[in-house]
Each structure stands twice: as structure tokens, then as C-alpha cells.
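Examination of the molecular architecture
Each chain is listed here by its residues.
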Amino acid sequence: MGDIDGWANIHHDILKEIAKHLYSYDDFIQLRLVCKQWSLKLPEISSKILWLLVPESFSNYFSEDDEGGYHLMQRIADEVRLDIQSLDEAKIHHLNLPEMQNKLIRGSFGEWLIVLDIYQGSMCMLNAFTKVRLDLPPISTFPDIIDYNPNNYGLEYTVRDLGDDDMDDYHEPSSYINCIHVWKVIINSCPINDNEDFMAVAIHGLRRTLAFYKPNDKRWLDLSTRKQAFDDVIFFGEKIYAVEEGGQLYEFDTKTKSGPVGGIHEVKPPSDAAVGLYQLKYLVGCANGSLLMLVRHFTIRESRTYKFDIYELKKNAKEWSRLDSLKNYIVMIGFNSSVQILPASIQTKGNQIYFTDNLLNLQSWDYAEHQDIGIFDLDDGSYQRVLSDVKFMCPPVWCYSSSLL
């Protein structure tokens, strides 16, 4: 009995030193469960803090090794704010996700990931912490996919250009379509366990058009915006808002039984909004009812983020206005649903943009590349790069608890 009491009362510094050598989330949890005293002395690792979902490595990504896939990374030093320092290897824990082997991430909302199988073309939603899975219709059911024949090796997909009625249907290999056809998928809420009460919208295809899904549908529904190339789409206030590459806003009502109804919003694009291959636009819904449009600028040579322009559309307003600050908020963009959260939720300061890389039209689909990941500080225009010396087959993505919103 005395020996057990001795271990329970181990000095706090020694216990912390032991914990520093555990880089598995599961091992760290087991350490906290040894006894009540250890649980009280060691910090919690929770899904209610910001995580970065990172492919393990490009060298074994496309392999049959069950240890591959993705890692969830989160800091454990609770006295250090979440910035570039707290993403150092010594201050993160890893949670292996072998379920992600041979998969691509094409969206996230809260702890839910939108997962695409590069070999099968199947799609699903996966809860990164509970491992609950909900199936979505496969790539072969998008409106511009006319036929899928797995036996027609090398030309499995028959594709139609929805923006050009004069163009003939054409064939593409599954190895290509499964990797590049889906640009981004968002959902309107986090399902609870296996409750499928949610909606999803995808940006897909060569022309980056919109498709809609609700549970029990067998296919993705075309939103009839065929000639527009969309950069981002969000659910906000029981509506779908999307922005195309020229800055034009679209609005769809989600409360109709037959599916979303809408089209071009009456508000014109900001007159000074940059347009081009090296700009991406994002939409963010705000707590005060306003919409934000972020224009992300990339360097031409390296495709690295170097500045942001921010516009606000206030509720019932007729035009966008320019903003210089996010004030006491941070915004998270990338493959995740673009969101605004309070900095206290992740122990950082406000007026920052957390970004990951989703510039797919300038990336290769068949080999690893450096990714554009970091934190942009609007106070002084500075930025901190994260994992800039690592190459990934698929860009990392932010993952967090929906309670942070």
C-alpha cells in the first residue's frame, strides 16, 4: 500500500518530465488514468481546443501500412498561447487516425471531417475523436459526372462540362478525378452520434460549381450556377452564401422542401476587390449578423500568402465596406468551413487569421508539395509560417469543437 501511495504522490516536476516523452494522445490519456492524483496534476487534452490535422508524411501516405494516415496535433503547454511556438514538436501531442489512410480531406466543421477515398471515390463524414462515420454520396453522383464504369480502366469517368452546352462529354481516369474533382465540402451543423440531421454543399468540378446534399438523397443536387467559379461557400442564418472568383455574392434559401432556392445576391462585388489566379475569396458569418469577405493574396512565384483584404456586408446593407481589423476576433480559413471565433477559446489574441492551404488550382495532385499554413496578424501585417519545411500530399486542416463557435 505504501508503494502505491508513493507513486501517487510523485513530484509534479517528475510527472511532467515523463509526460514530455509521450507523443501519442492515447498514451497520454492512459498516463492521466493511472490514479486520481496524476489526473489532477497533468493537463487535459481536449477536443475543445484547436487541433491541426496533419498527414503523417508523404513518403508512406499511399501505402497499406495501418500506422499511416493523419495525425491530430495539439499543444499541451497550457501556459503558452497558441502560436507558432506552440506548434513545435516538443509542445504537441499526436492522435493517430489510421482510418485516414489513402484519404484526402476536403472539408471540416468542428470535429467532423469530410473524407474522400482516392481509390474508391467514396465520400464520408468522420468524427475525428469519436470515429463515428456518416456516408455521403460518392463522386460518381455529382451532376457533371454522366457515367462511372470501374471496368473501363484508365477512363472510368464520363464527364460533362455544365458550363458549355456545345462541348462533347469526355472521359477521365479515376486516379485523376478522385483527387481533383471535389474542391471543398461544408456542412451546416455537427451531427450528434448517428443523427443525420444536417445539410452539405460541395464546390466541385472543373468550373467549381455548387452541389447540395441532404440525408437520404442518393445523389448530389445541382444548384444551377453552372457558369460561375466559386471560391468559398458557407451556411449562415438558415441560408447558403457563396462567393465566386469575381467577388459576386450568391444567396440560397435552405428552408424549401425541394432544396435550396436562390441565385445572385443584389449586392455588387466590392469595387476594389482583387481578381485573379493568385487571389482567393472566403466568406465568414459573424455573430452580429454581418458577412465578411476575405480576399487572400498569394505571391506569384511561391504561392504564399502575403496579405488579406477584408470587406463587411452589414445586415440589410446594400454594399460592402472595407475593414482594417477583425477587432477581438480571429478567423479560420482553408478547407475548414470558414468561421469566426473568440480568441479566448484557444488562448490567443484577436485580430488574427489562421489559414491553411486550399489553393488547389496551383497545386499538383500526384506529388507532395510545401503547404501555405500560418497565422496572419492584422495588427502589424506580419505572419508566422507553420510547418513550412514539410511536404504534404494533402494540406493540413483545422479541427476544433463546435462549442468554440
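These remarks concern the structure in this document. Since the structure is predicted, the reported quantities are computational estimates derived from the model, not experimental observations. (Residues numbered from 1 in each chain as written. Predicted model: local features only at pLDDT ≥ 70, side-chain atom pairs only at ≥ 80, totals over all residues. Heavy atoms only, no water.)

Describing the overall build of the chain
Helix and strand counts for the chain come out as five helices and 30 strands. A sequence separation of at least 24 residues applies to 49% of the contacts in the chain between residues at least 6 apart. A total accessible area of about 18,700 Å² is found for the chain, and carbon and sulfur atoms account for 48% of it. (Helix = DSSP H or I, 4+ residues; strand = E, 2+ residues; numbered from the N terminus. Contact = heavy atoms within 4.5 Å. Areas by Shrake-Rupley, 256 points an atom, 1.4 Å probe, with all protein chains shown as cover.)

A look at unusual backbone geometry
Despite not being glycine, Asn316 shows a phi value in the positive range, around 70 degrees. Locating Asn316 in the fold gives a position in the loop between strand 21 (305-313) and strand 22 (321-323). With relative accessibility at 70%, the residue Asn316 sits in the exposed group. One non-glycine residue, Lys327, adopts positive backbone phi at about 55 degrees. Relative to the elements of secondary structure, Lys327 occurs in the loop between strand 22 and strand 23 (330-333). Overall, Lys327 belongs to the exposed group, its relative accessible area being 68%. (Buried < 20%, exposed > 50% of the residue type's maximum accessible area, 1.4 Å probe, protein only.)

Details of the environment of Tyr354
For Tyr354, the location among the structural elements is in strand 25 (residues 352-355). Between the C-alpha atoms of Tyr354 and Asp377, which are 23 residues apart in sequence, the distance is 8.9 Å.

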